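Residue strings, one per chain:
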Amino acid sequence: MDTEDLGLFGPGSVTWKVHEEPILIVAGLRSLYLQALHPRAMAGVAQNSNYRTDAWGRLVRTATYVGTTIYGTTAEAEAAGRRLRVRHARMRATDPFTGAEFRVDEPDLLRWVHITEVESFVSTARRAGLALTDDEVDGYYTEQRRSAALVGLDPDDVPGTAAEVADYYRDVRPQLRMTREAAETAVFLTAPPLPWKLSLPARVGLNLGPPRWAYFGIAATALGMLPPWALRLYGGLGLPTTALSADLSARALRLALAAVPRRYREGPLQQAAKERAARLTAA
């Protein structure tokens, strides 16, 4: 096993440039709001996941998986993909409208989750102020076909440019709708239970301390950055200036996060990848 390769992407990739951005915490939440609008995808999560009772544990596991695919060695990324495929292969769910049972690893569902995730990452980073050319955006989508292959998708069946992503969204929109599960998930995403160390004592009643208000701000920004058609499915949340307000909030948050020392805003996987890249460059 090669423990010293640069992985699926590497320091010269658009992927590393995008995922250097701590603002992607907003992007991850945005992608979850989007994903909830697909009834079958939402049913697959609701019927197979303990996200309500272990929200933060699931978040950490998801972040670790994404971090491994972005910053791990090729062997580590492929091993993470195999584990995910094995887990998904065992999962079944029931269609909320037809009652038919389906596999959660159906290509259409995997494609929806992949596209909403990567589109959220690159669009959020760009709207928050990261300088990306149109060619770089297309390059990011093309590079992320490698991540799509890890979950079991044929890379040729995954959009590789911004135009292809836009076409995909146009084609899939008739399948999307607000269901009870989507609404409940959106409420949960907007006000989840905070980790106990961040919560105020029970005697204060509602947990509306600084961590809660900070999270509300992130959630509001993520919602405001949804495409207009997604906001309409959520009942027209927000004012006509929502998109502009969300962009300004994202830019302000990006500047604030940039002031945090790098050692605190870079995870161990990212730090290890940079150290590995430095060693390979010096060799």
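Remember, it's a predicted structure, so these values are computed and weren't measured experimentally. (Residues numbered from 1 in each chain as written. Predicted model: local features only at pLDDT ≥ 70, side-chain atom pairs only at ≥ 80, totals over all residues. Heavy atoms only, no water.)

A word on the overall build of the protein chain. Along the protein chain, the regular secondary structure elements total 15 helices and 2 strands. A compact globule built from 283 residues should have a C-alpha radius of gyration of about 19 Å, and the protein chain, at 19 Å, falls within 12% of that. Considering only C-alpha atoms, the protein chain reaches an extent of 55 × 45 × 35 Å along its principal axes. Residues counted as buried form 43% of the 283 residues belonging to the protein chain. Of the contacts made within the protein chain by residues no fewer than 6 positions apart, 73% connect residues no fewer than 24 positions apart. (Helix = DSSP H or I, 4+ residues; strand = E, 2+ residues; numbered from the N terminus. Rg over C-alpha atoms; globule rule 2.2 N^0.38 Å. Buried < 20%, exposed > 50% of the residue type's maximum accessible area, 1.4 Å probe, protein only. Contact = heavy atoms within 4.5 Å.)

What follows concerns the environment of Q175. For Q175, the position within the fold is in the loop between α9 (162–172) and α10 (180–190). Residue Q175 is classed as partly exposed on the basis of its relative accessible area, which comes to 42%. The spatial distance from the C-alpha of Q175 to the C-alpha of V18 is 30 Å, given a sequence separation of 157 residues.

Taken as a whole and assessed by the stated rule, the structure comprises 18 salt bridges. In this structure, D95 engages R40 in a salt bridge whose closest nitrogen and oxygen atoms are separated by 2.8 Å. With a gap of 55 residues between them, D95 in the loop between β1 (92–94) and β2 (101–103) and R40 in helix α3 (residues 39–46) connect regions that are remote in the sequence. A salt bridge links E266 to R262; the shortest N-O distance between them is 2.9 Å. It is possible to trace a salt-bridge network through shared partners that takes in E20, R262, E266 and K274. (Salt bridge = Lys/Arg side-chain N within 4 Å of Asp/Glu carboxyl O.)

Looking now at the nonpolar core. Grouped together as the largest cluster of nonpolar side chains are 72 residues, with contacts concentrated most on V18, L29, Y33, Y140, Y169 and L226. Top contributing element to this core by residue count: helix α6 (residues 107–127), with 8 residues. Leave out the neighbours within four places in its chain, and L226 touches R30, Y33, L34, L231 and Y234. (Core = buried A, V, L, I, M, F, W, Y, C linked by side-chain atoms within 4.5 Å.)

Listing the buried residues of α10 in full gives A182, T185, A186, F188 and L189. Looking straight down α10, one finds its buried side chains confined to an arc of 165°; they lie on one side. Turned more than 90 degrees from where α10 packs its buried face, R180 and V187 sit exposed. (Arc of directions from axis to C-beta.)

A separate point is the packing of aromatic side chains. The relation between two aromatic rings is expressed through the spacing of the ring centres and the mutual angle of the planes. In the structure shown here, the tally under the stated rule is 6 aromatic pairs. Relative to Y169, the ring of Y168 lies with its centre 6.1 Å away and its plane at 50°, an arrangement referred to as tilted. The pair Y168 / Y169 is uniform in exposure class, with both members buried. Grouping aromatic residues by their ring pairs yields a cluster made of W112, Y168, Y169 and W229. Cation over ring: R40 sits above F102, and NZ or CZ is 4.1 Å from the ring centre. The aromatic ring of F97 is capped on one face by R177, whose charged end is 5.2 Å from the ring centroid. (Phe/Tyr/Trp six-rings, centres within 6.5 Å; stacked < 30°, edge-to-face > 60°. Lys NZ or Arg CZ within 6 Å of the ring centre and 35° of its normal.)

One can describe the packing of α6 onto α9 by two numbers: an axis separation of 11 Å at closest approach and a directional angle of 130°. One finds that α6 runs oblique with respect to α9. Where α6 crosses over α9, the two elements pack in a sense that is left-handed. On α9, the residues that touch D108, R111, W112, I115, T116 and E119 of α6 are V165, Y168, Y169 and V172. Looking at the contact of α6 with α9, its residues break down into 6 nonpolar, 1 polar and 3 charged. (Axes fitted to C-alpha atoms, helices over the stretch in contact; angles between N-to-C directions. Parallel < 35°, antiparallel > 145°, perpendicular 65-115°, else oblique. Left-handed = near helix turned anticlockwise from the far one by under 90°. Nonpolar A, V, L, I, M, F, W, Y, C, P; charged D, E, K, R; others polar.)

Attention now goes to a positive patch on the surface. Taken together, the side chains of R82, R83, R85, R87 and R90 define a basic patch exposed on the protein surface. Here R90 falls in the exposed class, since its relative accessible area comes to 61%. (Patch = residues over 30% accessible without salt bridge, like charges linked within 9 Å, V, L, I, M, F, W, Y side chains within 5 Å. Areas by Shrake-Rupley, 256 points an atom, 1.4 Å probe, with all protein chains shown as cover. Lys, Arg positive; Asp, Glu negative; His and termini not counted. Charge placed at Lys NZ, Arg CZ, Asp CG, Glu CD.)

Turning our attention to the side chain of E143. For E143, the location among the structural elements is in helix α7 (residues 134–143). Although buried, E143 forms no salt bridge, and the nearest oppositely charged side chain, R146, lies 5.3 Å from it. Among residues more than four places away in sequence, those in contact with E143 are F9, S13, V14 and T15.

As a further point, take the side chain of D95. Residue classification places D95 among the buried positions, given a relative accessible area of 8%. Here the side chain of D95 touches R40 through a polar contact of 2.8 Å, side chain to side chain. Non-local contacts of D95, meaning those with residues more than four positions away in its chain, are made with R40, A100 and F102. (Polar contact = N/O pair within 3.5 Å; in protein donor to acceptor, adjacent residues only side chain to side chain.)

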